[in-house]
Amino acid sequence: MSRPMRFHLFMVYTFLFLPIGVLVVLSFNRSGLPTSWGGFSTRWYGELVRNEQIREGVKNTLIVALGSTIIATVLGTLLAVGIQRFVRSPFVESAILAPAVMPDIVLAVGLLAFYTMVEMPLGRLTVLVSHSLFCMAFVTAVVRARLAHVDPSLEEAARDLGDTAVGAFLRITLPSLAPGILAGALLSFTLSIDEFVIAFFTNGPRNPTLPQVIYANVRFGVKPDVNALATILLIMSVLAVLSVQRLTRPTDTIEAS
Amino acid sequence: MTSHIDHTSPVAAAEASTSPLVSVSSVHKRFGSVVALDDVTIDIARNEFFSLLGPSGCGKTTLLRILAGLEVPDDGTVTLDGADLVAMPTHRRPVNLMFQSYALFPHLNVERNVSYGLEREKLSKSEIRPRVQEALETVGLSGLGKRRPTQLSGGQRQRVALARAIVKRPSVLLLDEPLGALDKQIRTQMQRELKRLQSEVGVTFIVVTHDQEEAMSMADRIAVLRDGHVEQIASPNELYEHPASRFVAEFIGSTNLFESVNEKGSTELRCLRPERLQMGLVGEHPAGHEHVEGVLADVQFYGGLSHCYVDVAGRENPLIVASVGSVSYRPAQAVAVWWHPDSAVLLGKTGL
């Protein structure tokens, strides 16, 4: 790589990671001020734990994220397998990705209109359903990518060896898809915990999710405990992304010749 | 079941041994507008090494999948030992298929792959273990039981697939292009091993292949399929010496075709294999033989045998003459080719 290019790359990465670095450093700043360094301290992490509002937000977010991850993973996996087997229409195939690529704001407004129409009271449940919807699109995409590497004769072979259709699906197809399914689940969880726009539109007033709590707080200036919270979220998403990368690497499959 | 027959009259016993094990009768199958099988009738005897041979798209794999229960025929009957096979669900059929891709389960090791079918039969661990070991030993893979399929070579994977199919002790073993993915060297070795295995385990083999040499060298009988229908069912020798149609004559081995018009004015087609032709100098042909004159175009030397290509005026394709050893004639030399009239095989109307 040439010297100017290397410099360019350095600048891009600095631009990308400097704000995040500052945030992590500030979360350990004793003074709590963004302008002066008062020494290393974990006191803001302690404040965070004692903050009633944030604890409530974490609880709501975990309920929504876990719930929507489970629903999205189950439905998304079945959808991926179903599309692979029965759908020959490219429109239906790409339509399933719509919730993933559509602007969040469009989805959010649409869902809000839908819940109002069916008279569903806004709250944790409506956020959970909304998150399941767009996460499902991601799970389907990831599992379908995995399916492309799995020999379609595997399940037939299991049935030929005396297994029922259901048994063959559970014992052969699911385990061969496991890395993809797990990657999809992790992706869903990460996407759900930091989702703001859809939650903002489809949540009721009583159970704000964590991003909503943070938003409400920073409107009156960034408090140091929010830095600490952001650092924790950062570590969680980095771990999730690394695991997804590992899991979606096409290893341990026998290429059909 | 067999013991029951033994105690009845000798006539019944004789009937049981001659009645086919697998009987495919008037089977039709279409996929949308494509006709995969068109009125196929084949009987396969017990312990036979049977081959379904044909070019790709001739319906041979569809027929195999119908026997395995992975496809359902539109019409016709399939019986195994007299019992209706079509009505039997896939997982209850005493038939096992070795897939062309081998379809080994990637998340299970070799032993678990092989024991999979026995575990579904709800056999106890103490029954399963020795049978798995025995199957692995039969295919020459003892000691590799703990490996994952990804850690094996192509030939070893093929053996695992074979062990997994025979461990169930099926009455019929179906093999879909079993040697298709292997190098030429291993192929010849595996051909002989499959043959040995078939006589050792005493199972009826039905092998699908598009490779006529493979079918000819292994099978007791071959069904040649074309566009979903059976062209001819016969032993390899019979197929070679007495092909029923132009398609069979041309698909199997090299052939020379002669067109002629009979007394009734209709065109007849005769086939002469290269070994039935002899080549010599012009005018040398013995009495009572038919002959043509031509020019030697090319000689292909195959070790013990040579194929000589002779251009004859008025013929589109050169005649192929097989001769033992080296050829003393030079290309571009004028030669005569002759044959005994009795060695020409009259081909049927099919495929003209």
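Residues numbered from 1 in each chain as written. Chains lettered and ligands numbered in written order. Predicted model: local features only at pLDDT ≥ 70, side-chain atom pairs only at ≥ 80, totals over all residues.

Each partner contributes to the interface: chain A provides 19 residues, whereas chain B provides 22 residues. Of the residues forming the side of chain A that touches chain B, the biggest block, six residues, is contributed by helix α8 (residues 153-160) of chain A. Residue composition of the side of chain A that touches chain B, grouped by class: seven nonpolar, six polar and six charged. (Contact = placed C-beta atoms within 7 Å. Helix = DSSP H or I, 4+ residues; strand = E, 2+ residues; numbered from the N terminus. Nonpolar A, V, L, I, M, F, W, Y, C, P; charged D, E, K, R; others polar.)

Next up on the list: the nonpolar core. Grouped together as the largest cluster of nonpolar side chains are 91 residues, with contacts concentrated most on B:Leu64, B:Leu67, B:Ala163, B:Leu174 and B:Ile206. The leading source of residues in this core is helix α6 (residues 154-166) of chain B, at six residues. Excluding residues that lie within four positions of it along the chain, B:Leu174 makes contacts with B:Leu64, B:Leu67, B:Ala68, B:Val95, B:Asn96, B:Leu97, B:Met98 and B:Ile206. By size, the runner-up hydrophobic cluster in this structure holds 40 residues, among which are A:Ile54, A:Leu111, A:Leu186 and A:Val244. (Core = buried A, V, L, I, M, F, W, Y, C linked by C-beta atoms within 7 Å. Buried ≥ 20, exposed ≤ 12 C-beta atoms within 10 Å, placed from the backbone.)

Residue and element names in this part refer to chain B. Pairing of strand β14 (residues 290-301) with strand β17 (residues 334-339), which is carried by six bridges, proceeds in the antiparallel orientation. Bridging across to β17, Gly294 finds its partner in Val335. Between the end of β14 and the start of strand β15 (residues 305-311), which pair antiparallel, lie three residues, with Gly303 showing a positive phi angle near 85°. (Pairing = 2+ DSSP bridges.)

Bringing α6(B) into the picture now. Along an α-helix, residues three or four apart share an orientation, since each turn contains 3.6 residues. Residues and elements named next belong to chain B. Here α6 contains 13 residues, and its C-alpha end-to-end distance of 19 Å stays within 8% of the 18 Å for a straight helix at 1.5 Å per residue. Within α6, 10 of the 13 residues are buried, which leaves the element mostly enclosed by the surrounding structure. Residues of α6 that are buried include every one of Arg157, Gln158, Arg159, Val160, Ala161, Leu162, Ala163, Arg164, Ala165 and Ile166, and no others. Considering only its buried residues, α6 is in contact with β6 (95-98), α4 (110-120), α5 (125-138), β7 (172-176) and α7 (184-201). (Expected span 1.5 Å × (residues − 1).)

Residues and elements named next belong to chain B. In terms of domain boundaries, chain B breaks down into domain 1 (21-94 + 170-176 + 210-252) and domain 2 (254-346). Summarising the inter-unit geometry, the C-alpha centres of domain 1 and domain 2 are found 34 Å apart. Facing six residues of domain 1, the contacting portion of domain 2 comprises six residues. For the side of domain 1 that touches domain 2, the element with the most residues is helix α10 (residues 246-251), which contributes three residues. Looking at the side of domain 1 that touches domain 2, its residues break down into three nonpolar, one polar and two charged. (Domains from an automatic or database assignment.)

All names here are of chain A. Its domain assignment divides chain A into domain 1 (1-41) and domain 2 (52-248). On a C-alpha basis, the centres of domain 1 and domain 2 stand 31 Å from each other. In this assembly, seven residues from domain 1 lie in contact with six residues from domain 2. Grouping the amino acids of the side of domain 1 that touches domain 2 by side-chain chemistry returns four nonpolar, three polar and no charged.

Attention now goes to unusual backbone geometry. Residues and elements named next belong to chain B. Phi at Asp39 is positive, roughly 60°, even though this residue is not glycine. With respect to the secondary-structure elements, Asp39 resides in strand β2 (residues 34-44). Residue classification places Asp39 among the partly exposed positions, given that 14 C-beta atoms sit within 10 Å. Phi angles above zero are rare outside glycine, and Asp227 is one such case at about 50°. Its place among the elements puts Asp227 in the loop between β9 (221-226) and β10 (229-234).

Here we come to the pairing of strand β1 (residues 22-31) of chain B. Residue and element names in this part refer to chain B. Taken together, the five bridges between β1 and strand β4 (residues 75-80) define a ladder with antiparallel strand orientation. Across the sheet, the residue bridging to Ser23 is Thr79, located in β4. Pairing of β1 with β2, which is carried by seven bridges, proceeds in the antiparallel orientation. The residue bridging Val27 from the neighbouring strand is Val40, located in β2. Counted along the chain from β1 to the antiparallel partner β2, the turn is two residues long, and its residue Gly32 has a positive phi close to 60°.

Right, let's get into the packing of helix α9 (residues 165-193) of chain A against helix α12 (residues 224-248) of chain A. Residues and elements named next belong to chain A. In the contact formed by α9 and α12, the axes pass within 9 Å of each other and the chain directions differ by 160°. Classified by the interaxial angle, the pair formed by α9 and α12 is roughly antiparallel. Where α9 crosses over α12, the handedness of that crossing is left-handed. On the side of α9, the interface is formed by Pro179, Gly180, Leu182, Ala183, Leu186, Leu187, Phe189, Thr190 and Ile193, while α12 contributes Leu233, Ser237, Ala240, Ser243, Val244, Leu247 and Thr248. Here the residues of the contact of α9 with α12 sort into 11 nonpolar, five polar and no charged. (Axes fitted to C-alpha atoms, helices over the stretch in contact; angles between N-to-C directions. Parallel < 35°, antiparallel > 145°, perpendicular 65-115°, else oblique. Left-handed = near helix turned anticlockwise from the far one by under 90°.)

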